[in-house]
Amino acid sequence: MGLTGLFWRYLVTTGAALAGAALAVLSVVLLLTGNGVVLWASAGAQAADEAVRRAQETGIFDPEELPHYVAWARFEESGEALDPGTMDARQLDAARADRAGYSMRYGLFYARYHRWARLSDGSLLALQYTYAMPYASVWAQRGLPDFQLSVLLALLLSALLVAAVNTGRYVRILRADAACLTEATRMIADRRLDQPLNARVRVRELAGTLGAMEELRRSLAASLEHEWGMEQQRRRAFAALAHDLKTPLTIVSGHAQLLEEDELTAGQRESVQAIARGAEQMQDYMAQLRELSEQMEADVPAREQTDLSGLFLDIAGEAEALCSARRVAFERDVAEGMEGCVEKGMIRRAVLNLIDNAARMTPEGGRVRLEAKEEEGMLAITVSDTGPGFSKEALRRAGQVFYTGESGRTPDGHAGFGLFLCAQVAARHGGTLSLRNGEKGALAGMTLLLR
């Protein structure tokens, strides 16, 4: 149903339930009055009228004939009380005020009414009553709460109960629909796009929203499938390029080596050596590209339960040798007892790439530091150095394949694969790669989800 229909249905059902509750309370009132437990509100007026009629006919008043819900007193013509009867001081003041033409309130909800009759001795009889439903029993009238106020309280409580129950029912309907929309949003956010959003929603407008989200899911699924297909094509193109270039590069390298064996002038020998170095560097680039393509081609990560603390201690041993060769100090801070299901080989390659980048950019006598610890189910890895830090362009573009930065364009085999691989490894583990500059150099951080 639509929101308007739901609203009107809520109003109708609430109104019907309130009417039913009121009818139930009224039935109880009729049952009590029918059995003589409670009298109607006009009982006081009727009793007072009957007592006045008898007094006017006989000139005599018998208090025993008056019911307990009618008070009486006798006054002189001047207003002085000859006999207070069953009236208290406030009731006597109310009677005097009525005789003088004024009225006084009785409590919050009732007013006092009076009937007057002159008796045979010349005194004035005052009968006082209220329009309230009295109990037939004297002890009930004195010991129990006021009946009309009790009825009003029962009506109020039943109305609140009906409203609360019916409101809770319709709130549950809206809450269930909202939960369906929330779950659909989470499915899209978590990229669970292979599952259709076929939840049952009762409100038409919210069903329309869920339908729009289902269209969005299908569109995103198709878009991601197309993007995945294009990514697969790019990876295969990289692999094919690396394979196709292998043979001509081998030929160039072989001919360069043959030329070096001939008698050449100094200039010619220098050119041949440059060709050989370039061919060797290109072969190394192609080897890295093939390895990267093979690793990224694996759709299902080859994860295994790993002692991460032990893994990082092994990495630290290799890193120390790597930094020592560049005359850079190495420090480590690896937490104990870390375990997780990860791609051990790719993590080793990624961390060593970060350390290699840091050592390569750190001047001799500098320092490279590796930190690894577990934080709220995430593995946090940080590699810091005391080098010049990242440039603004490097912070913006580092992690893109083939990006090296100006300082990286040196014949040392650095082809821009390292940080790109680190970013891919972090993404495959549900984490991220972050780069920033610290107080004394650069900091590269990786976070990996351990589950």
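Let's talk about the overall build of the protein chain
Next up, step 1: Along its length, the protein chain carries eleven helices and twelve strands.
Next up, step 2: Burial status across the protein chain gives 35% buried among its 451 residues.
Next up, step 3: For the protein chain, the proportion of contacts with a sequence separation of at least 24, taken over those separated by at least 6, is 65%.
Next up, step 4: On the protein chain, roughly 26400 Å² of surface is accessible, and the fraction owed to carbon and sulfur atoms is 56%.

Description of the side chain of E343
Next up, step 1: When you line up the elements, E343 lands in the loop between strand 8 (339-342) and helix 9 (344-361).
Next up, step 2: A polar side-chain atom of E343 sits 3.1 Å from a polar atom in the side chain of R428.

Quick look at the pattern of salt bridges
Next up, step 1: In the structure shown here, the tally under the stated rule is 21 salt bridges.
Next up, step 2: Its salt-bridge partner being R54, residue E50 comes within 3.4 Å of it at the nearest N-O pair. Taken together, the residues E50 and R54, both in helix 2 (residues 43-58) and four residues apart, mark about one turn of the helix.
Next up, step 3: Residue R54 is classed as partly exposed on the basis of its relative accessible area, which comes to 26%.
Next up, step 4: Measuring nitrogen to oxygen at the nearest pair gives 3.0 Å for the salt bridge that ties R218 to E214. Remark: E214 and R218 occur in helix 6 (residues 204-261); sequence separation between them is four residues, near one turn of the helix.
Next up, step 5: We classify R218 as partly exposed; its relative accessible area is 40%.
Next up, step 6: In this structure E214 comes out as buried when scored by relative accessible area, which is 9%.
Next up, step 7: Taken together, the shared-partner salt bridges connect E50, R53, R54, E57 and E65 into one network.

A look at helix 3 (residues 89-99)
Next up, step 1: Of the residues making up helix 3, those classed as buried are Q91, L92, A94, A95 and A97.
Next up, step 2: Elements in contact with the buried residues of helix 3: strand 1 (71-75), strand 4 (110-118) and strand 5 (124-130).
Next up, step 3: Taking the backbone nitrogen of R90 as reference, a side-chain oxygen 3.3 Å away marks D88 as the first, capping residue of helix 3.
Next up, step 4: At the exit of helix 3 stands G101, carrying a positive phi of roughly 95°.

Comments concerning the sheet that holds strand 10 (residues 378-385)
Next up, step 1: In spatial order, the strands read 7-9-10-12-11; together these five strands make up an open sheet with mixed pairing. Looking along the sheet, the strands with just one partner apiece sit at the ends: strand 7 (329-334) and strand 11 (432-438). Pairs of neighbouring strands in the sheet enclose a mean axial angle of 15°, with direction left out of account.
Next up, step 2: Alignment of strand 9 (residues 367-375) against strand 10, held across eight bridges, turns out to be antiparallel. Residue pairing across strands places E371 opposite T382, the latter belonging to strand 10.

As for the pairing of strand 5
Next up, step 1: By the criterion of burial, strand 5 is predominantly enclosed, with seven of the seven residues buried.
Next up, step 2: Neither face of strand 5 is exposed, since L124, A126, Q128 and T130 on one face and L125, L127 and Y129 on the opposite face are all buried.
Next up, step 3: Bridge analysis of strand 1 against strand 5 gives five bridges, and the strand direction is antiparallel. From the neighbouring strand, W72 faces strand 5, where its bridge partner is L127.
Next up, step 4: Inspection of the sheet shows strand 4 paired to strand 5 by seven bridges, in the antiparallel sense.

Details of the packing of helix 8 (residues 308-325) against helix 9
Next up, step 1: At a minimum axis separation of 10 Å, helix 8 and helix 9 run at an interaxial angle of 30°. It follows that helix 8 is roughly parallel to helix 9 by the angle criterion. Here helix 8 runs over helix 9; the crossing is right-handed. Contact residues: helix 8 offers L311, F312, D314, I315, E318, A319, L322 and C323, while helix 9 offers K344, I347, R348, V351, L352, I355, D356 and A359.

Structural notes on the packing of helix 1 (residues 3-34) against helix 5 (residues 147-189)
Next up, step 1: Relative orientation of the contacting elements helix 1 and helix 5 amounts to 155°, with a least axis distance of 9 Å. Classified by the angle their axes make, helix 1 and helix 5 are roughly antiparallel. Relative to helix 5, the crossing made by helix 1 is right-handed.
Next up, step 2: Residue composition of the contact of helix 1 with helix 5, grouped by class: 18 nonpolar, five polar and two charged.

Looking at the packing of aromatic side chains
Aromatic ring pairs: the centre-centre distance and the angle between the two ring planes describe each pair.
Next up, step 1: Counting across every chain of the model gives eight aromatic pairs.
Next up, step 2: Residues Y135 and F147 carry aromatic rings whose centres are separated by 5.9 Å and whose planes lie at 80° to one another, so their mutual orientation is edge-to-face. Of this pair, Y135 sits in the loop between strand 5 and helix 4 (138-143) while F147 sits in helix 5; the two residues are twelve residues apart in sequence, bridging distant segments of the chain.
Next up, step 3: An aromatic cluster is built from Y113, Y129 and Y131, whose rings are joined through pairwise contacts.

A few points about the nonpolar core
Next up, step 1: Residues F312, I355, V368 and M446 are the most contacted members of the largest nonpolar core, which totals 37 residues.
Next up, step 2: For this core, the elements supplying multiple residues, two or more each, are helix 8, strand 7, helix 9, strand 9, strand 10, helix 11 (418-428) and strand 12 (441-449).
Next up, step 3: Take this core: its biggest share by element is nine residues, from helix 9.
Next up, step 4: Within the second largest apolar cluster, 15 residues are counted, among which are A47, A55, L66 and A117.

Some remarks on the pairing of strand 12
Next up, step 1: The buried fraction of strand 12 amounts to seven of the nine residues, a majority that puts the element mostly inside the structure.
Next up, step 2: Bridge count between strand 10 and strand 12: seven bridges; the pairing is antiparallel. Pairing of T382 across the sheet is with G445, part of strand 12.
Next up, step 3: As defined by bridge partners, strand 11 adjoins strand 12 across seven bridges and the pair is classed as antiparallel. Each bridged residue has a counterpart across the sheet, and for L433 the counterpart in strand 12 is M446.
Next up, step 4: If you look at the hairpin formed by strand 11 and strand 12, you'll find two residues sitting between the two strands.

Conventions and cut-offs
Residues numbered from 1 in each chain as written. Predicted model: local features only at pLDDT ≥ 70, side-chain atom pairs only at ≥ 80, totals over all residues. Heavy atoms only, no water. Helix = DSSP H or I, 4+ residues; strand = E, 2+ residues; numbered from the N terminus. Buried < 20%, exposed > 50% of the residue type's maximum accessible area, 1.4 Å probe, protein only. Contact = heavy atoms within 4.5 Å. Areas by Shrake-Rupley, 256 points an atom, 1.4 Å probe, with all protein chains shown as cover. Polar contact = N/O pair within 3.5 Å; in protein donor to acceptor, adjacent residues only side chain to side chain. Salt bridge = Lys/Arg side-chain N within 4 Å of Asp/Glu carboxyl O. Pairing = 2+ DSSP bridges. Axes fitted to C-alpha atoms, helices over the stretch in contact; angles between N-to-C directions. Parallel < 35°, antiparallel > 145°, perpendicular 65-115°, else oblique. Left-handed = near helix turned anticlockwise from the far one by under 90°. Nonpolar A, V, L, I, M, F, W, Y, C, P; charged D, E, K, R; others polar. Phe/Tyr/Trp six-rings, centres within 6.5 Å; stacked < 30°, edge-to-face > 60°. Core = buried A, V, L, I, M, F, W, Y, C linked by side-chain atoms within 4.5 Å.

Keep in mind these values describe shape, not function.
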